[in-house]
Amino acid sequence: MFPVLGRRHFIGGALAAGALGVGRVAASLPHMAEPLEQLERRFGGRLGVAALRLDSDVPRATSYDGLGYQRPEFFYVICYGEAGRFAFCSSFKLSLAALVLSGAEKGEWRLDEKLRFGKDDVLFHSPALQARLGRRAISIEEAAEAVQKLSDNGAANLLMRRIGGFDRVNQFWWSLGDPISRLDDYETALNRVPLGSVRNSTTPLAMAGNLMKLFRQGALSPAVAAKLKGWMHDTTTGKNRLRAGLPADWWAGDKTGTGTPADIPGTYVDLAWVEPPKLPPFAIAAFYQPPKPTPDGDSHAEEVLAQVGRIVAQAIMSQGK
């Protein structure tokens, strides 16, 4: 059974954090989050953002995992709606790529192993499989790179079936200390998440925490982390989202997700790892749900996420080291 983390749980965790001597950090959050609240009010819909970093020389806020455990690990740069549930859409593929690379390093499978597929496996938006349809095979490494860089849907399903199903991704999240995120379906069914459902969903706080675990706290080996960050940096699907709002000289890599059902509001996602010059690296998880269904795409969604990038960058620069 997967627990649900609500805003009232986070408030309880924040109060507990104050009791642990990190109340100064928690107390700064409402003021820091005001620009995000104004952004949500301007465009409507629902916005969720968590930006985290880990520093040895600043107080650390206490995250609350929904099971009653307090984890004094992360410094909250800025958060808003961080405990609300959202569909993750294709952004889960970052975790899938991390799992695949890490599993290969541990000898669970070989990156050069070929995955056979047929025409029926080439789903909507499967450019890497489409390009290889003539030979009907793709290597595990090629598939992992395609799910990250191209968000290839068919390649994601091939990988999940090879490693033991979508529940293997859930196990990976649990290994990172994330009992909140849950994957229940294959592509492309996972993109339709009605409001209130916990299926195929996560929270901004959970996903930002996962990025911290992967790239800052040793869940991945240096070699695997470097390869995955390189793929994230080369990914172009998010060029108009969070990265568009960051300073040009800040190194960044990301993974996007987009779901646009015809009958319910969709979700626009961007997960980014950012390494500013002379400042600690940090994670951003941003989710935006427009106020109404937009099956043909929402003209403002990427602008909202770019504005989130600018707001987080300003918060980072104001806090300094």
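The model shown is predicted, which means the values in this text are computed figures rather than measured ones.

So, the overall build of the protein chain
Broken down by element type, the protein chain carries 9 helices and 10 strands. Counting only residues that meet the buried cut, the protein chain has 59% of its 321 residues in that class. Sequence separation of 24 or more characterises 69% of the internal contacts of the protein chain that already satisfy a separation of 6 or more.

Some words on the pattern of salt bridges
Inspection of the entire model under this criterion finds 17 salt bridges. The salt bridge involving E187 is made with K93; its shortest N-O contact spans 3.2 Å. With E187 in the loop between α6 (167-175) and β7 (201-202) and K93 in helix α2 (residues 92-105), the pair connects residues that are 94 residues apart, well separated along the chain. Since its relative accessible area comes to 0%, K93 is described here as buried. With a closest N to O distance of 3.6 Å, E142 and R132 form a salt bridge. Here E142 is found in helix α4 (residues 140-149), whereas its partner R132 is found in the loop between α3 (127-131) and β6 (137-139), with 10 residues between them in sequence. Overlapping salt bridges, with partners in common, bring together R132, R135 and E142 in one network.

Thoughts on the environment of E303
By the element assignment, E303 lies in helix α9 (residues 301-319). Along the chain, E303 and N240 lie 63 residues apart, while their C-alpha atoms are 7.3 Å from each other.

A word on helix α8 (residues 222-234)
If you check α8, its first and last C-alpha atoms are 18 Å apart, about what 13 residues at 1.5 Å a residue would give, namely 18 Å. Among all positions of α8, only V224, A225, L228, K229, W231 and M232 are buried. Summarising the axial view, the buried residues of α8 lie within an arc of 160 degrees, below the 170-degree limit, and thus occupy one face. Facing away from the buried surface of α8 by more than 90 degrees, the exposed residues are P222 and A223. Those residues of α8 that are buried are in contact with α2, α4, α7 (204-215), β8 (251-259) and β9 (267-275).

Things to note about the packing of aromatic side chains
Scanning the entire structure with this criterion turns up 6 aromatic pairs. Judged by centre distance (5.9 Å) and plane angle (45 degrees), the ring pair of F88 and F92 falls under tilted. In terms of burial, F88 and F92 fall into one category: buried. Through a chain of ring-to-ring contacts, three or more aromatic side chains come together here, namely F88, F92 and W173. In this structure, R46 is placed above the aromatic ring of F86, and the distance from its NZ or CZ to the ring centre is 3.9 Å.

Observations regarding helix α5 (residues 153-163)
When you tally the buried positions in α5, you get 9 out of 11 residues, the bulk of the element. If you follow the buried residues of α5, they end up packed against α2, β5 (114-116), α3, β6, α4 and α6. Looking one or two residues past α5, G164 carries a phi angle of roughly 120 degrees, positive in sign.

What about the nonpolar core?
Counting residues in each nonpolar core, the largest one holds 60 residues, and the members touching the most others are F92, L96, L159, W173, F215 and L228. With 9 residues, the top contributor of residues to this core is α2. Not counting residues within four places of it along the chain, the set of residues in contact with L159 comprises L96, V100, L115, I140, A143, A144 and V147. In this structure, M32, L36, V49 and Y288 belong to the second largest nonpolar core, which totals 33 residues.

Details of the pairing of β9
On any regular strand, side chains alternate: one points to one face of the sheet, the next to the other face. Among the 9 residues of β9, 8 are classified as buried, and the element is accordingly described as predominantly covered. In the sheet, β8 pairs with β9 via 9 bridges, with the strands oriented antiparallel. Note that in β9 the partner of T256 across the bridge is D270. With 7 bridges joining them, β9 and strand β10 (residues 282-289) adopt antiparallel strand pairing. Bridge pairing links W273 to A283 in β10. Count of turn residues in the β9/β10 antiparallel hairpin: 6 residues, of which K278 carries a positive phi of about 65 degrees.

Cut-offs used in this document
Residues numbered from 1 in each chain as written. Predicted model: local features only at pLDDT ≥ 70, side-chain atom pairs only at ≥ 80, totals over all residues. Heavy atoms only, no water. Helix = DSSP H or I, 4+ residues; strand = E, 2+ residues; numbered from the N terminus. Buried < 20%, exposed > 50% of the residue type's maximum accessible area, 1.4 Å probe, protein only. Contact = heavy atoms within 4.5 Å. Salt bridge = Lys/Arg side-chain N within 4 Å of Asp/Glu carboxyl O. Expected span 1.5 Å × (residues − 1). Arc of directions from axis to C-beta. Phe/Tyr/Trp six-rings, centres within 6.5 Å; stacked < 30°, edge-to-face > 60°. Lys NZ or Arg CZ within 6 Å of the ring centre and 35° of its normal. Core = buried A, V, L, I, M, F, W, Y, C linked by side-chain atoms within 4.5 Å. Pairing = 2+ DSSP bridges.

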